[in-house]
Amino acid sequence: IGLISNNWGGTIIEAWSSPDALAKCNISSKSYDDNNDFNVDNDDIKDSNKFFNDDVDSTLPNPNQNSVLWNAMISPYLSHTIYGVLWYQGESNINEALKYACMFPAMIQDWRAKWVNNNDFYFFFVQLAPWSAGKSSMVPDTRNAQLVALNLPRVGFATAVDLGDVGSPYTNIHPRDKQDVSARLYNAASVIAYGKNNPAYDYPWARNVTFSYKTDKTIAALVSFATPQTLVLKPMTCPQGIDTNNCDNWSFYLSDGKWYPTTT
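Described in the following lines is the structure provided in the data block. (Residues numbered from 1 in each chain as written. Predicted model: local features only at pLDDT ≥ 70, side-chain atom pairs only at ≥ 80, totals over all residues. Heavy atoms only, no water.)

### Here we look at the overall build of the protein
Within the protein one finds 7 helices and 7 strands. Listing each helix as α and each strand as β along the protein from the N terminus yields α-α-α-α-β-α-β-α-β-α-β-β-β-β. Counting the 264 residues in the protein, one finds 39% classified as buried. Nonlocal contacts in the protein, meaning residues at least 24 apart in sequence, comprise 68% of its contacts between residues at least 6 apart. Accessible area of the protein: about 15,500 Å², with a carbon and sulfur share of 52%. (Helix = DSSP H or I, 4+ residues; strand = E, 2+ residues; numbered from the N terminus. Buried < 20%, exposed > 50% of the residue type's maximum accessible area, 1.4 Å probe, protein only. Contact = heavy atoms within 4.5 Å. Areas by Shrake-Rupley, 256 points an atom, 1.4 Å probe, with all protein chains shown as cover.)

And the structure:
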């Protein structure tokens, strides 16, 4: 087996997309710099990039420009035969979920169409883990936007929504538990790419939710799952000194278009 590690941290999906893919979502082929659209205003992303890029030549061009990484890091491989792709990206697009819902499947389809020897390769992605992205963040919306790609054939995913790591010394946008992420990607590939019977890939999809008002003026939510036998509720654990209220990853999206944090 051969693996190609082809990555650049802290980058936007537009950078990995060809002009053709951008056009499918009515995005100009001009760079973010030219459009003045892109500003990294999240401290965790800033600190993360500083932590990992201390030794990077500061004269390197800004990778967050439309199609620049497509041209430099994807296009050269189009003549290679590949079986599949693993994708872990999205943190730098968290405040534009609607655009991501268009761009992500458009990029996958465009890559497949342009690959010379395999235009229907498998594609597996990681649904974003939580981090302290701020109260105005649209991380949950971006996770939903990622799932739009499941409408395409030969696409699977591994969720990391329960793998947040607020105590990570590498900044909490980089959770240290990569073993569970890789195991879940394996589970997805074993079913979708290799046709194995692997119940571990059968995630407990939420089917519906009902709300009731309690006497203490709180609201109780009863969630029903399509495959409850695969549901595991982990005990809440937080690093020393971190309030458990800041570690709860449950939230609900209601009809008013807002996400609400909960306790479990």
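### Quick look at the side chain of Ser-18
With respect to the helices and strands, the residue Ser-18 is situated in the segment before α1 (19–24). Excluding residues that lie within four positions of it along the chain, Ser-18 makes contacts with Ser-67, Trp-70, Asp-110 and Lys-114.

### A closer look at a nonpolar patch on the surface
On the surface, a cluster of nonpolar side chains totalling about 440 Å² of accessible area is made up of Val-209, Phe-211, Tyr-213 and Ile-219. Ranked by residues supplied to the nonpolar patch, first place goes to strand β4 (residues 206–213) with 3 residues. Positionally, Ile-219 belongs in strand β5 (residues 219–225). (Patch = residues over 30% accessible without salt bridge, like charges linked within 9 Å, V, L, I, M, F, W, Y side chains within 5 Å. Salt bridge = Lys/Arg side-chain N within 4 Å of Asp/Glu carboxyl O.)

### Brief notes about helix α5 (residues 97–114)
An ideal rise of 1.5 Å per residue puts 26 Å on 18 residues; α5 measures up with 25 Å between its terminal C-alpha atoms. Buried within α5 are the following residues: Ala-97, Tyr-100, Met-103, Phe-104, Pro-105, Ala-106, Met-107, Ile-108, Asp-110, Trp-111 and Arg-112. The inward-facing, buried residues of α5 abut α1, α4 (68–74), β1 (84–87), β2 (122–127), α6 (139–147) and β3 (155–159). (Expected span 1.5 Å × (residues − 1).)

### Details of unusual backbone geometry
Working note: non-glycine residues mostly have negative phi, and peptide bonds are mostly trans. In this structure, Asn-26 is a non-glycine residue whose phi angle is positive, near 55°. Of note, Arg-154 is a non-glycine position whose phi angle comes to about 60°, a positive value. Position of Arg-154 among the secondary structure elements: in the loop between α6 and β3.

### Here's the deal with the state of the cysteines
The tally for this structure, following the rule as stated, stands at 1 disulfide. Across a sulfur-sulfur distance of 2.0 Å, Cys-25 and Cys-102 are joined as a disulfide pair. Because the sign of the S-S torsion sets the handedness, a value of about -95° for the bond joining Cys-25 and Cys-102 places this disulfide among the left-handed ones. On the criterion of sequence distance, the pair formed by Cys-25 in the loop between α1 and α2 (32–35) and Cys-102 in helix α5 is long-range, its members being 77 residues apart. (Disulfide = S-S within 2.5 Å.)

### Some remarks on the sheet that holds β2
Taken together, the 3 strands give an open sheet; going across it, the order is β1-β2-β3, and neighbouring strands pair in parallel fashion. What marks the edges here is a single partner per strand, and that holds for β1 and β3. Between one strand and the next, the sheet's axes are offset by a mean angle of 15°, whatever the strand orientation. As paired elements, β2 and β3 share 5 bridges and run parallel to each other. Each bridged residue has a counterpart across the sheet, and for Val-126 the counterpart in β3 is Ala-158. Against the sheet, α5 contacts β1, β2 and β3, and its axis sits at roughly 155° relative to β2. With respect to the sheet, α6 is in contact with β2 and β3, its orientation differing from that of β2 by roughly 165°. (Pairing = 2+ DSSP bridges. Axes fitted to C-alpha atoms, helices over the stretch in contact; angles between N-to-C directions.)

### Comments concerning the packing of aromatic side chains
Tallying each qualifying case throughout the model produces 14 aromatic pairs. Members of the aromatic cluster, connected to one another through ring pairs, are Trp-16, Trp-87, Tyr-100, Phe-104, Trp-111, Trp-115, Phe-121, Phe-123, Phe-125 and Phe-157. Geometry around Phe-121 places Arg-112 over its ring, the cationic atom sitting 5.9 Å from the centre. (Phe/Tyr/Trp six-rings, centres within 6.5 Å; stacked < 30°, edge-to-face > 60°. Lys NZ or Arg CZ within 6 Å of the ring centre and 35° of its normal.)

### As for the pairing of β4
Here β4 runs beside β5; their pairing, made up of 7 bridges, is antiparallel. Looking at the pairing, Ser-212 lines up with Ala-220 of β5. Where β4 folds back onto β5 in an antiparallel hairpin, the turn is made up of 5 residues, including Lys-217, whose phi is positive at roughly 70°.

### A closer look at the pattern of salt bridges
Here the structure, examined in full by the defined rule, presents 8 salt bridges. Residue Lys-99 pairs with Glu-14 through a salt bridge whose shortest N-O separation is 3.1 Å. Residue Lys-99 is located in helix α5, and its partner Glu-14 is located in the segment before α1; the two are separated by 85 residues in the primary sequence. In this structure Lys-99 comes out as partly exposed when scored by relative accessible area, which is 26%. Close ionic contact of Asp-120 with Arg-154 constitutes a salt bridge, the shortest N to O distance being 3.5 Å.

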